[in-house]
Amino acid sequence: MTDLPAHLPLIAATFLLAGLVKGVIGLGLPTVAMGLLGMAMAPAEAAALLLVPSLVTNLWQLAAGPRFGPLLRRLATMMLGIVAGSWAGSGLLAGDHAGLAQAGLGIALLAYAGLGLTRWRFHVAPQAEAWAGPLVGMATGLVTGATGVFVLPAVPYLAALRLERDALVQALGLSFTVSTLALGAGLAWHGALPMPSVGASLLALVPALLGMLLGGRLRSRVRAETFRLCFFLGLLGLGAEITLRALT
């Protein structure tokens, strides 16, 4: 178990930066938090710390969208897949496989950064959603449960549905909220959610919200594409460092 009081400055700085990123581009808080905290502690501990900031900020994003009901009905099977996959994969993150979980975290960051930098796009036809949604949900849940990162393949898939901008932001909020709750339940089931981590996660909410407010102000002053490029390059470096450290 990591000495949390000794890591409070790192935790505060991490969630301030993660909130800033989310405030500017609308996503990235858990990804940045897992990447930075994963350099100093086990992935299961990092995942426990991000639960409250991730849940609150994503509920905020979810509530700001235009039409929750129709969106939930459309994505219901994907959400069920996320829950099932997270439950199945959380044993790796919470168990005695810290090295594998850390390597998985690094690889997930590399994959997400690679997709972001190449800007690869695809389209999912409406008739394919019936089978693609549950599969993507299950895959996202497995990655979430094993690494604490819940952007793959959910983010590319939701973008491929060609939703309107506000609906896409709300869909991301829904996916991230369900992933956060499922991850928390999986960690708790495996006894990897100690009270000190829950308390530290509550404290981490303050810098995360402050970062989001700063990011919202910065959004109008910085080119979004420039910020996204820096974000994905940073994830690429983080992913490479974590993967190499886990495999050596």
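Let us look at the structure shown here. On a predicted model such as this, the values are computed, not experimentally measured, just so you know.

A few words now on the side chain of Gln 102. Tracing the sequence through the fold places Gln 102 in helix α5 (residues 98-118). By relative accessible area, which is 13% here, Gln 102 ends up buried. Ignoring any residue separated from it by four or fewer positions in sequence, one finds Gln 102 in contact with Gly 38, Met 41, Pro 43, Ile 242, Arg 245 and Ala 246.

Time to look at the packing of aromatic side chains. All told, the structure shown has five aromatic pairs when counted by the stated rule. Measuring from ring centre to ring centre gives 5.4 Å for Tyr 112 and Phe 232, while their planes differ by 80 degrees; the resulting arrangement is edge-to-face. A residue pair is termed long-range when its members are at least 10 positions apart, and Tyr 112 in helix α5 and Phe 232 in helix α10 (residues 224-247) qualify at 120 residues. Phe 232 carries the same exposure label as Tyr 112, and that label is buried. Seen from their ring centres, Phe 231 and Phe 232 are 5.0 Å apart, and the 55 degrees between their planes marks the pair as tilted. Grouping residues by exposure puts Phe 231 and Phe 232 together as buried.

Here we take up the packing of helix α3 (residues 43-63) against helix α4 (residues 68-94). The interhelical angle for the contact between α3 and α4, taken along N-to-C directions, is 170 degrees, at an axis separation of 15 Å. Here α3 is positioned roughly antiparallel relative to α4, judged by the angle of their axes. Contacts between α3 and α4 pair Pro 43, Ala 44, Ala 47 and Leu 62 from the former with Phe 68, Leu 93 and Ala 94 from the latter. Here the contact of α3 with α4 is built from residues that sort into seven nonpolar, no polar and no charged.

Thresholds applied
Residues numbered from 1 in each chain as written. Predicted model: local features only at pLDDT ≥ 70, side-chain atom pairs only at ≥ 80, totals over all residues. Heavy atoms only, no water. Helix = DSSP H or I, 4+ residues; strand = E, 2+ residues; numbered from the N terminus. Buried < 20%, exposed > 50% of the residue type's maximum accessible area, 1.4 Å probe, protein only. Contact = heavy atoms within 4.5 Å. Phe/Tyr/Trp six-rings, centres within 6.5 Å; stacked < 30°, edge-to-face > 60°. Axes fitted to C-alpha atoms, helices over the stretch in contact; angles between N-to-C directions. Parallel < 35°, antiparallel > 145°, perpendicular 65-115°, else oblique. Nonpolar A, V, L, I, M, F, W, Y, C, P; charged D, E, K, R; others polar.

Bear in mind that shape data such as this cannot, by itself, settle questions of function.
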